[in-house]
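Summary of structural features
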Amino acid sequence: MIKLLLFRLDAERAHKLTSALLRAAGATPIPGFIGRLVPPDDPILATECVGLHFANPLGLAAGFDKRAALIGPMAAMGFGHVEVGTVTPRPQPGNPQPRMFRLPEDAALINRLGFNSPGMLAVAHNLRDWRRNGRNRRAQRTPPIIGVNIGKNRATALERATEDYLAAFIALAPLADYVTINISSPNTPGLRKLHERAALDELLGTLAASNRQLAQPRSLFLKVSPDETPEQLAEVVQSGLAAGIAGFVATNTTLHRNDLRSARAPEIGGLSGQPLTARARAVISQLYTLTGGQLPIIGVGGIASANDAYGHICAGASLVQLYTGLIYGGPTLPYTLKHELAGLLRRDGFRTIREAVGSAHHTLLESPLA
Ligand SMILES: Cc1cc2nc3c(=O)[nH]c(=O)nc-3n(C[C@H](O)[C@H](O)[C@H](O)COP(=O)(O)O)c2cc1C
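Residues numbered from 1 in each chain as written. Predicted model: local features only at pLDDT ≥ 70, side-chain atom pairs only at ≥ 80, totals over all residues.

The next subject is the environment of glutamine 294. Relative to the elements of secondary structure, glutamine 294 occurs in the loop between helix 9 (277-290) and strand 12 (297-300). A count of 9 C-beta atoms within 10 Å places glutamine 294 in the exposed class. As a C-alpha pair, glutamine 294 and alanine 280 span 14 residues in sequence and 19 Å in three-dimensional space. (Helix = DSSP H or I, 4+ residues; strand = E, 2+ residues; numbered from the N terminus. Buried ≥ 20, exposed ≤ 12 C-beta atoms within 10 Å, placed from the backbone.)

Judged by nonpolar contacts, the single largest core of 104 residues is most densely connected at Leu172, Ala250 and Leu287. Leucine 287 has contacts with Leu233, Val237, Phe248, Ala250, Ile297 and Gly316, leaving out every residue within four places of it along the chain. (Core = buried A, V, L, I, M, F, W, Y, C linked by C-beta atoms within 7 Å. Contact = placed C-beta atoms within 7 Å.)

So, on to the packing of helix 10 (residues 306-315) against helix 12 (residues 333-347). Where helix 10 meets helix 12, the axes come as close as 8 Å, and the angle between the chain directions of the two elements is 55 degrees. The angle between the axes of helix 10 and helix 12 places the two elements in the oblique class. Crossing hand, helix 10 versus helix 12: right-handed. Along its contact with helix 10, which presents Ala306, Ala309 and Tyr310, the element helix 12 presents Leu337, Glu340, Leu341 and Leu344. (Axes fitted to C-alpha atoms, helices over the stretch in contact; angles between N-to-C directions. Parallel < 35°, antiparallel > 145°, perpendicular 65-115°, else oblique. Left-handed = near helix turned anticlockwise from the far one by under 90°.)

What follows concerns the sheet that holds strand 3 (residues 58-60). If you trace the 8 strands once around the closed barrel, you get 3-4-7-8-9-10-12-13, paired in parallel fashion. Averaged over all pairs of adjacent strands, the angle between strand axes in this sheet comes to 25 degrees, irrespective of strand direction. The sheet contact formed by strand 3 and strand 4 (residues 81-87) spans 2 bridges and is parallel. Bridge pairing links leucine 60 to valine 82 in strand 4. On top of the sheet, helix 9 reaches strand 9 (219-224), strand 10 (247-250) and strand 12; it is set at about 170 degrees to strand 12, its chief contact. (Pairing = 2+ DSSP bridges.)

Turning next to the site of the ligand. The environment of the ligand is made up of 27 residues, and the closest members are Ala61, Gly63, Ser272, Tyr323 and Thr324. Among the secondary structure elements, those contributing two or more residues to the shell around the ligand are strand 4, strand 6 (108-111), strand 11 (270-273) and helix 11 (324-329). Of the residues that constitute the shell around the ligand, the class distribution is 10 nonpolar, 15 polar and 2 charged. (Near = placed C-beta within 6 Å. Nonpolar A, V, L, I, M, F, W, Y, C, P; charged D, E, K, R; others polar.)

Attention now moves to the pairing of strand 7 (residues 145-150). Walk down a regular strand and you will see the side chains alternate between the two sheet faces. Burial within strand 7 is extensive, with 6 of its 6 residues counted as buried. The two faces of strand 7 match: Ile145, Gly147 and Asn149 on one face and Ile146, Val148 and Ile150 on the other face are all buried. Here strand 4 pairs with strand 7 via 6 bridges, running parallel. What sits directly across from valine 87, in strand 7, is isoleucine 150. When strand 7 meets strand 8 (residues 178-182), the two strands line up parallel, connected through 4 bridges. The residue bridging isoleucine 150 from the neighbouring strand is isoleucine 181, located in strand 8. Taken together, strand 7, helix 6 (residues 161-172) and strand 8 form a β-α-β motif whose crossover is right-handed. (Right-handed = clockwise from strand over helix to strand, strands pointing away.)

Attention shifts here to helix 9. The end-to-end C-alpha separation of helix 9 is 20 Å, in line with the 20 Å expected for 14 residues at 1.5 Å each. Along helix 9, the residues classified as buried are Thr277, Ala280, Arg281, Val283, Ile284, Ser285, Leu287, Tyr288 and Leu290. At the C-terminal side of helix 9, glycine 292 shows a positive phi close to 60 degrees. (Expected span 1.5 Å × (residues − 1).)

This part is about the environment of alanine 215. Topologically, alanine 215 is positioned in the loop between helix 7 (197-213) and strand 9. Taking the C-beta count within 10 Å as the criterion, alanine 215 has 5 such neighbours and is therefore assigned exposed.

Purely geometric numbers; function is a separate question.
In structure tokens form, the structure reads like this:
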């Protein structure tokens with residue numbers, strides 16, 4: 001019923017309403033209560049990645065909680081990590097509305113939000129608040145791992161993008177468990193040009209150097225687009241390896257429009273959800289091969305079920321995230337997905353998530369046909 005009501009509203013208004021309700025609930029003992037009510041994560045789902053302990057591999061993808069105001073409620077919903085942002089250094093409103101569209105026939109969304117962000121100072125304030133108050137409210141469970149996803153302001157020229165990322169990094173990295181460098185939103189003009197080697201070398205080199213200055217350096221992840229050629233992706237990996245980043249987030253939304261049925265299909269923006277699953281998985285698979293499985297990949301794109309998540313893991317993802325799946329699957333999705341994922345791991349004889357990571361590649365190698 002709630003879904004029916006929300007789906008009658010414009011997609012962004014529904015998101016704002018849901019966020020306000022979640023925020024209000026987050027200020028009460030409700031998340032802690034739910035946390036105590038639901039069973040703890042199945043131990044088979046626990047995983048170590050970049051030196052961090054994740055109670056389960058499922059995270060909330062960037063874009064849902066751009067302000068770091070929903071961490072408690074999202075943890076209560078069952079996410080083992082929450083990636084907040086994208087955060088820009090200065091506040092900016094994003095593109096004119098409407099800018100977010102549901103494509104129900106395709107189980108997809110198109111958005112052209114364009115980094116609406118309250119800016120790094122407001123997000124830093126919320127993250128400090130979470131550290132001081134929010135974590136204690138649900139101290140009965142492992143607090144979620146917090147990723148902070150950073151970007152550039154639209155008004156900043158592309159040649160000066162590094163300055164923006166650096167400012168956001170300095171303000172937010174000390175408050176994050178890991179940091180994602182987002183160069184892959186299709187809604188900030190020119191942003192994806194940062195996939196090009198020279199620009200990326202400069203950006204990653206600068207951020208990695210700044211990271212080394214921190215008392216506790218953070219793990220840096222690079223969030224990539226699903227629309228790059230294999231050659232471009234190989235260059236991106238070379239650049240990432242040279243800078244010593246921790247891993248990749250694959251992928252952001254796509255500009256491709258293949259066989260969509262919804263009336264909203266021609267809207268401009270990034271497409272997410274089911275039509276992205278195969279494309280994102282192909283990128284995860286390529287990254288896994290290009291890195292020899294040595295760098296962790298956070299697999300995101302079109303996950304709406306345990307099978308989808310498992311497919312990304314077997315293709316090479318150490319962790320997974322979703323956004324669009326939550327819009328169509330609702331707040332119980334994380335719990336059902338985790339429960340079924342544990343079943344799939346056991347069915348195939350895996351004792352840990354880590355054993356399953358990239359297993360599709362190993363099976364191929366061991367096959368007599370290979
Ligand atoms: C409305 C909306 C806003 C998004 N905003 C961001 C963002 O600010 N930063 C980012 O890195 N990705 C953003 N994304 C992309 C998601 O994090 C994710 O990469 C993409 O949607 C694919 O996952 P999904 O199919 O599970 O939604 C956004 C996605 C949606 C649908």
